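Structural description and commentary
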Amino acid sequence: RTTTTTTKTPRVEDEERVKVERCSVNERCARVFTRISKKMPNPFVVLATAGYDHTIRFWEATRGVCYRTLQHQDSQVNKLEISPDKQILAAAGNPTIKIFEVNASNPSPILTHEGHQGNVTAVGFERDGRWMYSGSDDGTVKLWDARQGSRHTREYESRAAVTTVALHPNGAELLSGDANGNIRVWDLTMNACSCELVPEVGVAVRSVSVASDGSLVVAGNSTGTCYVWRLQKDAKTTAHFEPLHKLRAHPDEYVLKCLISPDVRSLATTSSDKTVKLWNLDGLGLERTLKGHSRWVWDCVFSVDAAYLVTASSDGSARLWDCTSGEAIRVYNGHHKAVVCCALNDSAVDAATG
């Protein structure tokens, strides 16, 4: 089924139409990530940001200090992802994916994945870091060997610009969303699309998130709506989506990212309305609205214990939020243009040994 759409995919440039209202932010110091063990290698917490100034910055999460900057000359960086073992960082650009070492002084990528014909809009690792997945506005989803700079090992045609890709925790399925409003499940064992649904015909799906226990899927779109479905837990395949809720998260705005917390208790949504909202997944009530960014908020990532949230915005900053108080306890300044992606890995993994 082919669906024709006139929905415009939001870009950073669209914000020039929006009047920027600067908001003050509380930058008081706070003790964060207190669970960090002194026995862990440095850096135990890996936090990176990137965007339209063609740089990738690594930050000391608690101090807000940039300790390393990488150049990404070919294009802007659309997405970042840190490998589970904290050894490498994947940077999705246009049209390549570059792989950088995390714990090294080497400023150059150690691998470059070539094969997409447009902006790479999604990138991620499987749980053991052996292979990667990506999506692009060239209309494809691809799989890659994470440790070799070869071309993609598999390719799936979405027939529309792919805006988001998420890996199911069963490790055997990918869920993609596209600009025509389609959500597709790609069965990696069958090597085919096993399921397709369209929440709103012709309305671009901007983000898809799958719960860590496989119980829920959330998709956010370009009308500010999030759709929530229940999945059968521990199922080998995702064959049935049970509708649970239609959430008007950011009415008449773009939902740019939706993300289920690691403990499957909260949902974070970021938007073109310059806010981040935290929702209780038990009933989908609004818990709090995080205000402080002065332009679109493109990306977010939870800490592993779901106590903190990092966000990236076109105002040139990233922020660390306390999810309980709703306060921005750290601001990461240094980028000269829009920051559209962030990546955080604070899991208890020894980066020295993997």
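Below you will find a few notes about this structure. Treat the numbers as computed from the prediction; the structure is a model and nothing was measured. (Residues numbered from 1 in each chain as written. Predicted model: local features only at pLDDT ≥ 70, side-chain atom pairs only at ≥ 80, totals over all residues. Heavy atoms only, no water.)

Considerations on the sheet that holds strand β22 (residues 276-280)
Within a sheet, neighbouring strands are paired by backbone hydrogen bonds and run either parallel or antiparallel to one another. Spatial ordering of the open sheet is given by β20-β21-β22-β23, a layout of four strands whose pairing is antiparallel. Of all the strands in the sheet, the pair left with one neighbour each is β20 (255-260) and β23 (285-290). Looking at each pair of strands side by side, their axes are set apart by 20° on average, direction ignored. By the bridge criterion, five bridges tie β20 to strand β21 (residues 266-271) in an arrangement that is antiparallel. Across the sheet, residue Cys258 finds its bridge partner in β21, namely Thr269. (Pairing = 2+ DSSP bridges. Helix = DSSP H or I, 4+ residues; strand = E, 2+ residues; numbered from the N terminus. Axes fitted to C-alpha atoms, helices over the stretch in contact; angles between N-to-C directions.)

Focus on unusual backbone geometry
Of note, the bond from Asn94 into Pro95 is cis; its omega dihedral lies within 30 degrees of zero at 5°. Secondary-structure assignment places Pro95 in the loop between β5 (88-92) and β6 (97-101). The backbone of Arg159 shows a phi angle near 70°, a positive value even though the residue is not glycine. Tracing the chain through its elements places Arg159 in the loop between β11 (154-157) and β12 (162-167). Even without glycine at this site, Val264 takes up a positive phi of about 60°.

Some points on the nonpolar core
Formed by 22 residues in total, the largest nonpolar core has its most connected members in Ile56, Phe58, Val77, Leu80 and Leu89. Broken down by secondary-structure element, the contributors of at least two residues to this core are β1 (46-51), β2 (55-60), β4 (79-82), β5 and β28 (339-345). Beyond its immediate sequence surroundings of up to four residues, Val77 is in contact with Ala50, Gly51, Ile56, His72, Ala91, Ala92, Val340 and Cys341. Grouped together as the second largest cluster of nonpolar side chains are 16 residues, Phe44, Trp59, Val310 and Ala318 included. (Core = buried A, V, L, I, M, F, W, Y, C linked by side-chain atoms within 4.5 Å. Buried < 20%, exposed > 50% of the residue type's maximum accessible area, 1.4 Å probe, protein only. Contact = heavy atoms within 4.5 Å.)

So, the sheet that holds β28
Reading across the sheet, the four strands line up as β3-β2-β1-β28 and stay open at both edges, with antiparallel pairing between neighbours. The open sheet has two free edges, formed respectively by β3 (65-71) and β28, since each of these has just one partner strand. With direction set aside, neighbouring strand axes in the sheet form an average angle of 20°. Pairing of β1 with β2 involves four bridges; the strand directions are antiparallel.

Describing the pattern of salt bridges
Counted according to the given criterion, the structure contains 12 salt bridges. We note a salt bridge from Asp74 to Lys98, for which the minimum N-O separation is 3.0 Å. Linking Asp74 in the loop between β3 and β4 with Lys98 in strand β6, this pair joins segments that are 24 residues apart in sequence. Take Asp74: its relative accessible area is 52%, and that puts it in the exposed class. (Salt bridge = Lys/Arg side-chain N within 4 Å of Asp/Glu carboxyl O.)

Here's the deal with the packing of aromatic side chains
This model, assessed by the stated rule, comprises seven aromatic pairs. Measuring from centroid to centroid gives 5.4 Å for Trp59 and Tyr332, while their planes differ by 55°, and the two rings are tilted. Of this pair, Trp59 sits in strand β2 while Tyr332 sits in strand β27 (residues 328-333), placing them 273 residues apart in sequence. You can call Tyr332 buried: its relative accessible area is 0%. When the centroid spacing of 5.1 Å and the interplanar angle of 25° are considered together, the rings of Tyr156 and Trp186 count as stacked. (Phe/Tyr/Trp six-rings, centres within 6.5 Å; stacked < 30°, edge-to-face > 60°.)

Looking at the environment of His72
Secondary-structure assignment places His72 in the loop between β3 and β4. Judged by its relative accessible area of 1%, His72 is buried. Sequence spacing of His72 and Gly51 is 21 residues, and the spatial spacing of their C-alpha atoms is 9.6 Å. Setting aside its immediate chain neighbours within four residues, His72 contacts His54, Thr55, Val77, Ala91, Gly93, Lys98 and Phe100.

Thoughts on the pairing of strand β15 (residues 192-197)
Sheet topology note: the strand β14 (residues 183-187)/β15 ladder contains five bridges and is antiparallel. Opposite Trp186, over in β15, you have Cys193 as the bridge partner. Counted along the chain from β14 to the antiparallel partner β15, the turn is four residues long, and its residue Asn191 has a positive phi close to 60°.

Overview of the environment of Arg248
Topologically, Arg248 is positioned in strand β19 (residues 242-248). Since its relative accessible area comes to 40%, Arg248 is described here as partly exposed. Sequence separation of Arg248 and Gly220 is 28 residues, and the distance between their C-alpha atoms is 9.6 Å. Apart from residues no more than four positions distant in its own chain, Arg248 is found in contact with Thr223, Gly224 and Thr225. A polar contact is formed between the side chain of Arg248 and the backbone oxygen of Thr223, at a distance of 3.1 Å. Within the local environment of Arg248, its side chain forms a polar contact with the side chain of Thr225, the two groups lying 2.7 Å apart. (Polar contact = N/O pair within 3.5 Å; in protein donor to acceptor, adjacent residues only side chain to side chain.)

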